[in-house]
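Spelled out, the chains give:
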Amino acid sequence: MKVAILIPTLNRPSFIQRTVMYYDSLKSPHPIYIGDASNTEISENTLSFLKKIKNVEVKYYHWEGLTGEKTSNILAQEGSTVCEFRVFQGDDDYFIPTSLTKCATFLSKNPDYRTAQGRAALVVMNSPEPLGKINWVDKYWGENSLEESSKIERLLSFMKNYFVIEFSVHRVSEFINDSRDFWTIIDKHFSEMLLCSTIAINGKSKFIDCLYMIRSRHPELIVSASGYDFFESITSKNWLHDYHKMVDSLSHLLCDDKKKSFPEAKKIISDMMKEELKRICLKEFTKNEDDKKSFYAKSKNVIHIYLTHILLDKTGL
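Throughout what follows, the structure given in this document is the object of discussion. (Residues numbered from 1 in each chain as written. Predicted model: local features only at pLDDT ≥ 70, side-chain atom pairs only at ≥ 80, totals over all residues. Heavy atoms only, no water.)

1. Some remarks on the packing of helix 1 (residues 13-25) against helix 2 (residues 40-50)
Helix-helix packing is characterised by the crossing angle of the two axes and by the distance between the axes.
Right, on to step 1. As a packed pair, helix 1 and helix 2 sit with axes 10 Å apart at the nearest point and diverge in direction by 20 degrees. Here helix 2 runs roughly parallel to helix 1, going by the angle between their axes. Once helix 1 is placed against helix 2, the crossing between them reads as right-handed. Every residue of helix 2 that contacts helix 1 at P13, I16, Q17, V20 and M21 is listed here: I42, T46, F49 and L50.
Right, on to step 2. When its residues are assigned to classes, the contact of helix 1 with helix 2 shows seven nonpolar, two polar and no charged. (Axes fitted to C-alpha atoms, helices over the stretch in contact; angles between N-to-C directions. Helix = DSSP H or I, 4+ residues; strand = E, 2+ residues; numbered from the N terminus. Parallel < 35°, antiparallel > 145°, perpendicular 65-115°, else oblique. Left-handed = near helix turned anticlockwise from the far one by under 90°. Contact = heavy atoms within 4.5 Å. Nonpolar A, V, L, I, M, F, W, Y, C, P; charged D, E, K, R; others polar.)

Written as structure tokens, this is what we have:
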């Protein structure tokens, strides 16, 4: 039972090499699909390295400058020609091959479930390099599942115990359907939330009792890698557009089984998003004193932009 492992990467050849060597050392039966947005020089070095890999199947694509969201979508389509199942990982993460097989086997026998996953560990390193000392190890996630029968029940349950369900094993065809709006969203926070919420709405998720994934963190790389700044995001020209697109997409999903009208579904999603935005604002507000001063300064600009949006857009938030 093969699972296509989809890995977008950008200008981090040492990380992608380490990940491939991990699967090669285990003689993983699951093919790896790499979408590399790096420059030509890095791409050529990576290709030279991949020629030495013998124990795992690797499909490599060089799409310079392509976003991670679009890369994931195209990789899924490439993988669909060989594998029924797919899984997504960062270029510094690892899956346990036998656990991927267990999850795929479960899904093959249980068509009423959309995703499956096991336990995940978090390893925090002491440097931005791919190899180094471990600062500490913790649980990334435990027993995550969605057993509710209705869309709204699954969504509400998911938002109470949010996890990046994108990392779960998924049928390729269903993932492509679930991500049809995801890759068009520019805002990183909204794109992840849209994809994960869509997956949760569309089907049940099974917890498989096994060590499934190891996520690694390199502290110095977190900010630069994510490139996400809350205030810069919500004052960008695409923020309001992405917000409404996400709300509308999730609202249509909630009402397409005729149990909720579109206005009812939209109110549920809008209320959910307002709570999420309050949580993020509170998190920004409760940082250290320097960050608080920055918060106040940026808030003036945010308020001005929000008032402008509301005056120009009758739907507001």
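2. A word on the packing of aromatic side chains
Right, on to step 1. Summed over all chains, the structure comprises 13 aromatic pairs.
Right, on to step 2. Seen in terms of ring centroids, Y22 and Y23 are 4.8 Å apart; in terms of plane orientation they differ by 70 degrees. Their pairing is edge-to-face.
Right, on to step 3. A relative accessible area of 0% places Y23 in the buried class.
Right, on to step 4. For the pair F88 and F167, a centre-to-centre distance of 5.7 Å together with 15 degrees between the ring planes defines the contact as stacked. Of the two residues, F88 sits in strand 4 (residues 85-88) while F167 sits in the loop between helix 5 (151-160) and strand 8 (169-171), which places them 79 residues apart along the sequence. There is no split in this pair, since F88 and F167 are both buried.
Right, on to step 5. Among the aromatic residues, those joined into a ring-pair cluster are Y140, W141, F158, Y162 and F163.
Right, on to step 6. Lying over the aromatic face of F15, R12 brings its terminal NZ or CZ to 4.2 Å of the ring centre.
Right, on to step 7. Positioned over the ring face of F175 is R86, at 3.8 Å from the centre of the ring. (Phe/Tyr/Trp six-rings, centres within 6.5 Å; stacked < 30°, edge-to-face > 60°. Buried < 20%, exposed > 50% of the residue type's maximum accessible area, 1.4 Å probe, protein only. Lys NZ or Arg CZ within 6 Å of the ring centre and 35° of its normal.)

3. Focus: the pairing of strand 4
Right, on to step 1. The alternating pattern of strand 4 places F85 and V87 on one face and R86 and F88 on the opposite face, and all of these are buried.
Right, on to step 2. Both strand 1 (residues 3-9) and strand 4 contribute to a ladder of four bridges, which runs parallel. Counted as the bridge partner of A4 is R86 from strand 4.
Right, on to step 3. Pairing analysis gives two bridges linking strand 4 to strand 8, with the strands arranged antiparallel. Across the sheet, R86 pairs through a bridge with H170, a residue of strand 8. (Pairing = 2+ DSSP bridges.)

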